[in-house]
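# A structural walkthrough
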Amino acid sequence: MKIGIPRGLLYYLYFPLWDTFFKELGADVVISAKSNKAILTNGAKICASDACIPLKLFHGHVLDLANKVDAIFVPRLKSVAHGEYICPKFCGLPDMVRYSAPSLPRIIDTEVNIRKKSGKLKQSFEEVGKLLTSDKKKIVHAAEKALFQNAIFRGQMLNGYLASDLLQNRMMKKQVFQGITVAVLGHVYNVYDNFINMNLFKKMYDCGINAVTPEMISDTVTDRYAAEMPKKIFWTFSRKLIGAAKYWADSDEIDGVIYIMSFGCGIDSFTADLCERIFKKKGIPFYIIVIDEHSGEGGFETRFEAFADMLKRRKRNESDFSAYGEHSPIDQNAL
Amino acid sequence: MKVTFPHMGNIHLLIKTLFDELDVDYVIPPKCSKRTLELGSKYTPEMACIPLKINMGNFLEGIERGADTIVITGGAGPCRFGYYAEMHRQILADLGKDVEIITIELNENGIGELIAKLRKLFPKKPLATIAKGFFDGFKAIKQSDALEQYSFYVRPRELQKGATDQIMKQFESEAMCAKGRDIFKAIKLAKDKLSEVKRDPDCRPLKVGIVGEIYTLIEPLTNMNIEPILGNMGIEVDRSLTISEWIKEHIIKGGLKLKKENDFVKAACPYIKTMIGGHAQETVGHTVLYAQKGFDGVVEIYPLTCMPEIVANSILPEVAKDFDIPVLTLVMDEITGEAGYRTRIDAFADMLYRRRENKRNELVLSGN
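Anyway, here's the lowdown on the structure attached to this text. (Residues numbered from 1 in each chain as written. Chains lettered and ligands numbered in written order. Predicted model: local features only at pLDDT ≥ 70, side-chain atom pairs only at ≥ 80, totals over all residues.)

## What about the sheet that holds strand S1 (residues 2-5) of chain A?
Residues and elements named next belong to chain A. What counts is decided by this rule: What makes two strands pair is DSSP finding at least two bridges between them. Working definition: helices are DSSP H or I runs of at least four residues, strands are E runs of at least two. Numbering for both runs from the N terminus. Axis definition: a line fit to C-alpha positions, over the contact stretch in the case of helices; interaxial angles, taken between N-to-C directions, run 0 to 180 degrees.
Spatially, S2-S1-S3-S5 is the arrangement adopted by the 4 strands of the open sheet, whose pairing is parallel. At either margin of the open sheet sits one strand with a lone partner, and together these are strand S2 (28-31) and strand S5 (106-108). Going across the sheet, the axis of each strand differs from the next one's by a mean of 30°, ignoring polarity. Direction of pairing for S1 relative to strand S3 (residues 71-73): parallel, over a ladder of 2 bridges.

Following this line, the structure appears as structure tokens:
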């Protein structure tokens, strides 16, 4: 059986897990093509108009797979951590895809919901596994292997590799520049999709700027920092981002922050605002890129270069550039 | 302590009755207006949904009138509403406003915290009195919801245009002045007046159901008075969500963990299988139910960037096709213009009238 995995949304977090599980059970895994303009255009045509760009892109990836596979894997992800949720669009994703795209092959829409009981994950594995084999032991074994691969993947990210490189089997040697480090925040599918982020990491590399992402900080640390919020953040990815933001704001590790946000993202509308408030209090430069299907790379490049220049001059302490437009204390002393 | 709270349609009737009976010092923020929205949008994240912005405006206008405590309900996701209180707290703190925010919610800290909060809000009152206050408040909102629903029935049938609007307007100002239990008198009076409105006995109005996200559906500022607009075009309106139903389902049944049995869940099941937060399931389910009840059309309203409704919105075309019912989608944000909005509704209503006529003509021609 040929199973298609769209190269979008949580592919950037769970692909090693899905891939290992399916391959262990003897299925062929087909991934859709790398995100590109045509995929986005096709997706945007069938998707609801006020959906966010990663969702439109995902629809395009599904279309890309439509005639190539026997089934497309679009799990119904309701909750991926105890007591937490993720964006509600993930929960309705199989329904959205099914009613937007014409004539699709079978959609595997197993529900994953471990909000109340973590044991439910086993059930989800079983449900998917049953489609491929009737041997229960084999499914359990495959699930264990998949979770192990997932742990390895997370470990590699903790060691400072980018998911976008790892998923293309490019174990780029970590290059550490002397100088500036910028944290790149955002949902994984915005940060690691080089089409959505308009090759941000390459641009940073060319400018001699180190990039760090939230996935390079361990969950224990981000959990501890996120717990400082007066009310628990109930979206798993948002909690990770806020935890990372608070950690960086407390440390001296970074010189600036770039937040990649998709237009109309409900969770980012709150998370980005909270992050901005956190960094503003510490005087760390913070730059939000809002992306939709009309975003142009030229404009983005100009803004990125200006931001990079500002960071470099700040670092040299040329005139202690203010990050937020206020007069810096040094200016006032000079007067 | 001077308490204020956010508006949402007639919810102030509930809170007013409750606070009056329990002698809480409160200030009702002025009715939601353009100024409320402008004030709110100025300080809230650009991409946040419109209810957050209007709530913020309500609080700022309440604070202008001397409030120092804010009461709002909470939640635990996945809809953004659950994190509203925290956003408001951060924004108000950064603005330098010294206010306390009390969130009425059942969270992971259990019922003890909720009771402690209620004790703080209503000091020295026995729990039984508080419960009685809630009961009366609930009764007030339930009756006012019924009154509104009744006005939707009367408005398209009235012989003298504008009679219903006038009665409802009068009720609004009387209800604002009523103290405590006087509210019930005001509701009764308005209801009696409505039943005396002269109606056209031969009127067979078109019927339109309204579905979508609850806040935009209920707050007149965000839906730009859609019920009176449609009603005055001679269309009978049914609104799928009301505040009293919401309280019954989420606070009473949800709080007591009673089993919820709803038609709309069953109706939505073929299209959307689980609860995904917000009102996506309601939107899809009620559209199916309206179609089955023979309604002529459905209007869907939701705030821009509303996560659950985007899911519902991408499924609705399929429902509309399966049940042959026209659906008009209206997405609201702070820059939605009234003229464009009216034009779309006008066009939709015209289309519905023609559709009905065509159907009748077909019947005549086919000779069945």
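## Quick look at the packing of helix H3 (residues 50-64) of chain B against helix H4 (residues 84-94) of chain B
Residues and elements named next belong to chain B. Which entries qualify depends on this criterion: Each angle receives one of four descriptions, namely roughly parallel if under 35 degrees, roughly antiparallel if over 145, roughly perpendicular if within 65 to 115, and oblique otherwise. Crossing handedness: left-handed means the near helix sits turned counterclockwise from the far one by under a right angle, and right-handed means the same turn made clockwise. Any residue pair is listed as a contact if its two C-beta atoms, each placed from the backbone, are within 7 Å. Each residue is assigned to one of three groups, with Ala, Val, Leu, Ile, Met, Phe, Trp, Tyr, Cys and Pro labelled nonpolar, Asp, Glu, Lys and Arg labelled charged, and all others, Gly among them, labelled polar.
Where H3 contacts H4, the two axes come as close as 11 Å, and the packing angle between them is 50°. Taken together, the axis directions place H3 and H4 in an arrangement best described as oblique. As H3 packs across H4, the resulting crossing turns out to be right-handed. Across from Leu52, Asn55, Met56 and Phe59 in H3, the residues of H4 making contact are Tyr84, Met87, His88, Ile91 and Leu92. A breakdown of the residues in the contact of H3 with H4 according to their chemical character gives 7 nonpolar, 2 polar and no charged.

## A closer look at the pairing of S2(A)
Where S1(A) and S2(A) come together, 4 bridges link them in parallel fashion. Across the sheet, the residue bridging to A:Lys2 is A:Asp28, located in S2(A).

## Points about helix H1 (residues 11-21) of chain B
All names here are of chain B. The condition that has to hold: Think of it as a crowd count around each C-beta: if 20 or more other C-beta atoms lie within 10 Å the residue is buried, if 12 or fewer it is exposed, and in between it is partly exposed, with C-beta placed from the backbone throughout.
Among the 11 residues in H1, 10 count as buried, and that is most of the element. All of the buried residues in H1 are Ile11, His12, Leu13, Leu14, Ile15, Lys16, Thr17, Leu18, Phe19 and Glu21. Trailing H1 by a residue or two, aspartate 23 shows a phi angle of about 55°, which is positive.

## Considering the sheet that holds strand S2 (residues 69-73) of chain B
Residue and element names in this part refer to chain B. Ordered in space as S1-S2-S3, the 3 strands form an open sheet in which the pairing is parallel. Edge positions in the sheet fall to strand S1 (3-4) and strand S3 (100-104), since each has one partner strand and no second. Bridge count for S2 against S3 is 5 bridges, and the pairing is parallel. In the strand pairing of S3, isoleucine 72 is matched with threonine 103. Relative to S3, helix H5 (residues 111-121) is tilted by about 130°, and along the sheet it contacts S2 and S3.

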